[in-house]
Amino acid sequence: MTALERPYWIEAIFERRDGWDAEAYPFNLPVLHTLDRLTFHPNVTFLVGENGSGKSTLIEALAVAWGFNPEGGGREHRFGTRDSHSPLHRFVRPVRSPQRVQDGFFLRAESFFTVASYLEDPEVRGERYGARRLHEQSHGESFFALFDNRFIGDGLYILDEPEAALSPSRQLSFLSRLHELVMARSQLIIATHSPILLGYPNAWIYQASEHGLDRIDYEDTDHYQVTRNFLNRREMMLDILLKLD
């Protein structure tokens, strides 16, 4: 199979209508100040940024606007433990491709325990989550069971920090799985802190900062530069950070 040439989700339009209060959260986040539309790559789009930059709030709003459950899962899943998602999704209008998406999933690292508990129900879990229950595996193993069994291709997958449970070697394995999904005509939108995942070729990277949301090259991301500088100048950086004599 070949990768998509046209995305399932072409772009998200942010409509500043009644209820959009630029002085209140989440509308006062810098990432939203000048954001009118967000265009997606047909294969992989990354959102990056510092803690508190608004990237997770943004990706949550995108997922809910597409129709996913706020706490994660497929579009067919409807459950909730705490209504904590922001109202931003109400102001996001998806521009969709005419081609029909066959599968989809929203993964939130912070609420994965809740999703895994929901999927313990055999009627919900079925055969698409592997032979072992997710809670019977390590955190990283359960993430991969999801990627390997539930993500079947021809889908839109929105992932918030999928690297949270993965070792560096597992992140490399995830890159391989990511490519398999791309070649199975999938589109992925991913918020991440991982310089390993960000290295996926030809992806679009948007960086959230106090200046807004800008598309940048891999080598220009803070994640790449900080990691490279630390690995190349570890002793010097430790001396500065820890004030070693």
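Relevant structure appears above.
Residues numbered from 1 in each chain as written. Predicted model: local features only at pLDDT ≥ 70, side-chain atom pairs only at ≥ 80, totals over all residues. Heavy atoms only, no water.

Attention now moves to unusual backbone geometry. Of note, the bond from Tyr25 into Pro26 is cis; its omega dihedral lies within 30 degrees of zero at 0°. As for its position among the elements, Pro26 is in the loop between strand 1 (9–14) and strand 2 (37–39). Its identity as a non-glycine residue notwithstanding, Arg185 has a phi of 60°, on the positive side. Looking at the element boundaries, Arg185 is found in the loop between helix 5 (168–183) and strand 7 (187–191). (Helix = DSSP H or I, 4+ residues; strand = E, 2+ residues; numbered from the N terminus.)

This next bit is on the nonpolar core. Residues Trp9, Phe14, Leu38, Leu58, Leu62 and Ile158 are the most contacted members of the largest nonpolar core, which totals 31 residues. The set of elements that each furnish at least two residues to this core consists of strand 1, helix 1 (55–66), strand 6 (155–160), strand 7 and strand 8 (204–209). Here the element with the most residues in this core is helix 1; it accounts for seven residues. The contact partners of Trp9, leaving out residues within four places of it in the chain, are Phe40, Leu62, Trp66, Val92, Pro94, Val95, Leu156, Ile158, Gln187 and Ile189. Residues Phe144, Leu146, Val182 and Leu197 belong to the second largest nonpolar core, which totals 24 residues. (Core = buried A, V, L, I, M, F, W, Y, C linked by side-chain atoms within 4.5 Å. Buried < 20%, exposed > 50% of the residue type's maximum accessible area, 1.4 Å probe, protein only. Contact = heavy atoms within 4.5 Å.)

Right, let's talk about helix 5 for a bit. Every α-helix winds through 3.6 residues per turn, so residues three or four apart in the chain are directed the same way. Between its first and last C-alpha, helix 5 extends 23 Å over 16 residues, near the 22 Å set by a 1.5 Å rise per residue. What helix 5 keeps buried is the set Gln171, Phe174, Leu175, Arg177, Leu178, Leu181 and Val182. Phi turns positive, to about 60°, at Arg185, one or two residues after helix 5. (Expected span 1.5 Å × (residues − 1).)

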